[in-house]
Amino acid sequence: DGGITQSPKYLFRKEGQNVTLSCEQNLNHDAMYWYRQDPGQGLRLIYYSQIVNDFQKGDIAEGYSVSREKKESFPLTVTSAQKNPTAFYLCASSTGNLAKNIQYFGAGTRLSVL
Amino acid sequence: LAKTTQPISMDSYEGQEVNITCSHNNIATNDYITWYQQFPSQGPRFIIQGYKTKVTNEVASLFIPADRKSSTLSLPRVSLSDTAVYYCLVDYNFNKFYFGSGTKLNVKP
């Protein structure tokens, strides 16, 4: 099965704790993205990566960190500096073709604060 | 930034054709227009993409006028399962993608 796998599906964070959301793809895509979605809202870009070992901040990067050590993996860490982390987190990937950049999404991780 | 503007919500009945229009006044020459569908608690799913004129696939059609400052997603004969949020995106410079709030389509029986 080709696609994007996010884990876990549900995650709970305690105050002051860092948590890491996993995103793996076997589509051989160069580009990967992390979005945050709050209830009733659209998606907001947190970080994106065009190639391995490179990533760029999106619109709401504060309180988050990422790494891109392997082409197929783009984990997102929600740090204790993110004071309002409760949201639905979506990972996506794309070929990175500048002209026709179609993104494919995972099933999402729902993060809540205990 | 080539941000997009869409209606917040639309209502329709089963079997009707639904047209959702998106404005993107600042679209650049190289930008494509892409539409996604999202169901609650799921990731968005690609529907259709186009550059100009008309594109059709098995689920939808996309109409783009010559000036490319807007586009219209057409869903033929909608069913209850088409109730979802629809997002219009303009891919600008492989940089930041602006999903906005999308259009919430409610299909009634």
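Refer to the structure above for everything that follows.
As a starting point, this report considers the structure included with it. (Residues numbered from 1 in each chain as written. Chains lettered and ligands numbered in written order. Predicted model: local features only at pLDDT ≥ 70, side-chain atom pairs only at ≥ 80, totals over all residues. Heavy atoms only, no water.)

Turning to the side chain of Ser93 of chain A, a few remarks are in order. Assignment of secondary structure puts Ser93 of chain A in strand S9 (residues 87-94). Setting aside anything within four residues of it in sequence, one finds Ser93 of chain A in contact with Ile4, Gln25, Leu27, His29, Ala31, Met32, Tyr33, Ile102, Gln103 and Tyr104 of chain A. (Helix = DSSP H or I, 4+ residues; strand = E, 2+ residues; numbered from the N terminus. Contact = heavy atoms within 4.5 Å.)

This brings us to the interface of chain A and chain B. Contacts between the two partners involve 27 residues from chain A, matched on the other side by 20 residues from chain B. Regarding the contact of chain A and chain B, the summed buried area is about 1900 Å², with carbon and sulfur atoms giving 55% of it. Three residues stand out in chain A for area buried against chain B, namely Leu43, Asn101 and Ile102 of chain A, and they jointly supply 22% of the buried area on that side. If you look at where chain A meets chain B, you find 0 salt bridges. In this assembly, chain A and chain B are joined by 4 residue pairs in polar contact (both at pLDDT 80 or more). Elements with a minimum of two residues in the side of chain A that touches chain B: strand S4 (31-37), strand S5 (43-51) and S9 of chain A. A breakdown of the residues in the side of chain A that touches chain B according to their chemical character gives 13 nonpolar, 10 polar and 4 charged. (Buried area = accessible area lost by both parts, 1.4 Å probe. Salt bridge = Lys/Arg side-chain N within 4 Å of Asp/Glu carboxyl O. Polar contact = N/O pair within 3.5 Å; in protein donor to acceptor, adjacent residues only side chain to side chain. Nonpolar A, V, L, I, M, F, W, Y, C, P; charged D, E, K, R; others polar.)

Attention now moves to the packing of aromatic side chains. All chains considered together, the criterion is met by 11 aromatic pairs over all chains. Between Phe105 of chain A and Phe99 of chain B, the ring centres sit 5.8 Å apart and the planes meet at 85°, which makes this aromatic pair edge-to-face. On the criterion of chain membership, the pair formed by Phe105 of chain A in strand S10 (residues 104-105) and Phe99 of chain B in the loop between strand S8 (84-90) and strand S9 (103-108) is interchain, its members lying in two chains. One exposure class covers both Phe105 of chain A and Phe99 of chain B, and it is buried. Every member of this aromatic cluster is reached through a ring pair, and the members are Tyr33, Tyr35 and Phe105 of chain A together with Tyr36, Phe46, Tyr87 and Phe99 of chain B. Above the plane of the ring of Tyr51 of chain B lies Arg68 of chain B, whose end atom (NZ or CZ) is 3.9 Å from the centre. (Phe/Tyr/Trp six-rings, centres within 6.5 Å; stacked < 30°, edge-to-face > 60°. Buried < 20%, exposed > 50% of the residue type's maximum accessible area, 1.4 Å probe, protein only. Lys NZ or Arg CZ within 6 Å of the ring centre and 35° of its normal.)

Residue and element names in this part refer to chain B. With respect to topology, 4 strands assemble into an open sheet ordered S2-S7-S6-S5, the strand pairing being antiparallel. The sheet is open, and its two edges are formed by strand S2 (18-23) and strand S5 (53-56), each paired on a single side. Ignoring which end each strand starts from, the neighbouring axes of this sheet average 15° apart. Pairing between strand S6 (residues 61-64) and strand S7 (residues 70-75): 3 bridges, direction antiparallel. Bridging from a neighbouring strand, Ser61 pairs with Ser74 of S7. (Pairing = 2+ DSSP bridges. Axes fitted to C-alpha atoms, helices over the stretch in contact; angles between N-to-C directions.)

Looking now at the sheet that holds strand S1 (residues 4-7) of chain A. Residue and element names in this part refer to chain A. With antiparallel pairing, the 4 strands of this open sheet are ordered in space as S1-S3-S8-S7. Strand pairing shows two members of the sheet lacking a second neighbour, S1 and strand S7 (64-66), which therefore form its edges. Averaged over neighbouring strand pairs, the angle between their axes works out to 20° when direction is ignored. Where S1 lies against strand S3 (residues 19-25), 4 bridges are found, and the strand directions are antiparallel. Its bridge partner lying in S3, Ile4 is registered against Gln25.

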